[in-house]
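Observations on chain architecture
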Amino acid sequence: MSYKKLLNPLLATDSYKHSHHGFLPDDTTLIYSHLTPRGNQRFLYNYPDHDGKVVVFGISYLLQKLEEHWFKGFFNRKWSKIEKETLDVLGHHLGFTKADLSKFKQLHELGYLPLEISAIDEGECVNVGVPILTVHNTHTDFPWLTNFIESFILNTLYPAITAATITREFAKLRDKYFDITVSDQSLKGFHLHNFSYRGCMGHEVAGIIGAAHNLFTLGTDTVYGIAVAQQYYKAKEVAYSVTAGEHSVVTLGINYYDNKDKLNGEYLNLHNLLVNKYPTGILSYIADSYDFWRVVDTILPNLKKEIMNRDGKLVIRPDTGDAVINLCGYSVIETPEVLSIPDAIQYALSNNFNVVKNDGKFYLIESNVNEPTTCKEISEAETLGLVETLWNTFGGTVNDKGYKELDSHIGIIYGDGLSYNKVKLIYELLESKGFAVNNVVLA
């Protein structure tokens, strides 16, 4: 199959669209259609503060994609080639012959799409039930064309509108807690990041979703979303990212320096990155390759001098486990006196706590139905969570609203398995612990 065949707009539709022209009354000369979001149950279910509005986005992208497919794949090509490749598919699929393609041959001879499309301005938020786009034919010989392109319109706009509307919900949540806990909001736009490229259903979907996300944020790792915004929206500066590692390169470095003592290997690897490879700027380091909490409570304190003297920020990234617990820690009850471990566990359970501090040590208690209760000692860092532990190590400032902000040399990003409810809980817990929400970039 050639690339041109994939651009053929006669194949970029639903099967049933090819028979609809036969349903039209013989004297039909005009068909006028609209695109209207019909329901928002998904948003109401997943986003408690959803106001019933969807974000209009993707119109410019759609119009240019229509032009690309119809001109590159149809009008600017020989009819004989289009006819053959269309029959290669539809001949078997629908039993089509050359006669069934006569209306498309007539359109090809016309040389352009006789359609007029109007839409609400992009970026506007409209209520469900409000038409956001209309389309009608401008030539009386082609009323069937109005709805023939419907499938392409929906296929193109659905991911754009959905992504923009979802990102708006996260942005509203971010804005709410920034207003509560953050004084200087100049960097607010960087606190919702986009790592979605690898999880999208194809290259082009990733691009339009990436562009939609950046209606409300300035942070992304979806490079193609920037390209889409520049190509289809003439955007100049769209979004930004930083120097960052992943497990493949970090574990390589750790094992290079010491493949027996991973803690020492990770210390040497991070030291090299901070001092020699990236002595300035923002450096994002994924810290859970082997033992995340040993990195946090052992390696980072030992590198405090290098971190604090560096002209830039080290951003710590957890990538596994429960984001809420990793960032905000556990609720802890301390025994009134030193107890035996079984008695300490029972004391915690009877008071509905799953972490107990007993004799200066912290114990995580996990009790599941039909399984024995387990208990393991955990570090103070894991108990407190990453935000509070970094505050205890590196300090920071208390802003005008009374919330703690980490020193500018250290930061956090978390981008694994975050739902709206988890983000909301993280923000709520940070606020309750006296920390500004700008201590963490969420993705």
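So, a few notes on the structure that sits alongside this text. These numbers come from a predicted model, not from an experiment.

The subject of this paragraph is the overall build of the protein. Tallying secondary structure elements over the protein gives 18 helices and 16 strands in all. Against the 2.2 N^0.38 benchmark of 22 Å for 443 residues, the protein shows a C-alpha radius of gyration of 28 Å, more extended than a compact globule. Taken along its principal axes, the extent of the C-alpha atoms in the protein is 90 × 50 × 50 Å. Across the protein, the fraction of contacts at a sequence separation of at least 24, relative to all contacts at a separation of at least 6, is 70%. Surface exposure of the protein reaches about 22100 Å², of which carbon and sulfur atoms provide 51%. The averaged location of the 52 negative side-chain charges in the protein is 6 Å from the averaged location of its 40 positive side-chain charges.

For Asn352, which is not glycine, the phi torsion reads 65° and is therefore positive. Mapped onto the fold, Asn352 is located in the loop between α15 (341-350) and β10 (355-358). Judged by relative accessible area, Asn352 falls into the exposed class, the value being 73%. With a phi close to 55°, Asp359 is a non-glycine residue in the positive phi region. Of note, Asp359 is situated in the loop between β10 and β11 (361-366). Overall, Asp359 belongs to the exposed group, its relative accessible area being 54%.

With that out of the way, let us pick up the sheet that holds strand β5 (residues 133-137). Pairing within the open sheet is antiparallel, and its 3 strands lie in the order β1-β5-β3. Lying at the two open borders of the sheet, with one neighbouring strand each, are β1 (32-35) and β3 (115-119). Here the strands of the sheet are splayed against their neighbours by 15° on average, with no regard to which way each runs. Inspection of the sheet shows β3 paired to β5 by 5 bridges, in the antiparallel sense. Considered in β5, the bridge of Glu116 is made with His136.

Right, let's talk about the pairing of strand β15 (residues 410-414) for a bit. With respect to burial, β15 is a largely interior element, 5 of its 5 residues being buried. Going residue by residue along β15, you find Ile410, Ile412 and Tyr414 tucked away on one face and Gly411 and Ile413 tucked away on the opposite face as well. Alignment of strand β8 (residues 311-317) against β15, held across 3 bridges, turns out to be parallel. Residue pairing across strands places Val315 opposite Gly411, the latter belonging to β15. In this structure, β15 lies alongside strand β16 (residues 440-442), joined through 3 bridges in parallel fashion. Each residue of the ladder has a partner; that of Ile412, found in β16, is Val440. In this view, the connection linking β15 to its parallel neighbour β16 by way of helix α18 (residues 420-432) has right-handed handedness.

Running from N to C, helix α7 (residues 150-181) and helix α8 (residues 203-213) cross one another at 35°; their axes reach a closest spacing of 8 Å. The two elements α7 and α8 meet at a crossing, and its hand is right-handed. Across from Pro159, Ala160, Ala163, Ala164 and Thr167 in α7, the residues of α8 making contact are Val205, Ile208, Ile209, Ala212 and His213. When the residues that make up the contact of α7 with α8 are grouped by side-chain class, the tally is 8 nonpolar, 2 polar and no charged.

This model, assessed by the stated rule, comprises 14 salt bridges. The closest approach of N and O atoms between Lys84 and Asp88, which form a salt bridge, is 3.2 Å. Residue Lys84 and its partner Asp88 are located together in helix α4 (residues 79-93), separated by 4 residues, close to a single helical turn. What makes Lys84 exposed here is its relative accessible area of 54%. Taking the relative accessible area as the measure of exposure, Asp88 reaches 38% and is therefore partly exposed. Overlapping salt bridges bring together Asp51, Arg168, Glu169 and Lys172 as one network.

Definitions and cut-offs
- Residues numbered from 1 in each chain as written.
- Predicted model: local features only at pLDDT ≥ 70, side-chain atom pairs only at ≥ 80, totals over all residues.
- Heavy atoms only, no water.
- Helix = DSSP H or I, 4+ residues; strand = E, 2+ residues; numbered from the N terminus.
- Rg over C-alpha atoms; globule rule 2.2 N^0.38 Å.
- Contact = heavy atoms within 4.5 Å.
- Areas by Shrake-Rupley, 256 points an atom, 1.4 Å probe, with all protein chains shown as cover.
- Lys, Arg positive; Asp, Glu negative; His and termini not counted.
- Charge placed at Lys NZ, Arg CZ, Asp CG, Glu CD.
- Buried < 20%, exposed > 50% of the residue type's maximum accessible area, 1.4 Å probe, protein only.
- Pairing = 2+ DSSP bridges.
- Axes fitted to C-alpha atoms, helices over the stretch in contact; angles between N-to-C directions.
- Right-handed = clockwise from strand over helix to strand, strands pointing away.
- Left-handed = near helix turned anticlockwise from the far one by under 90°.
- Nonpolar A, V, L, I, M, F, W, Y, C, P; charged D, E, K, R; others polar.
- Salt bridge = Lys/Arg side-chain N within 4 Å of Asp/Glu carboxyl O.

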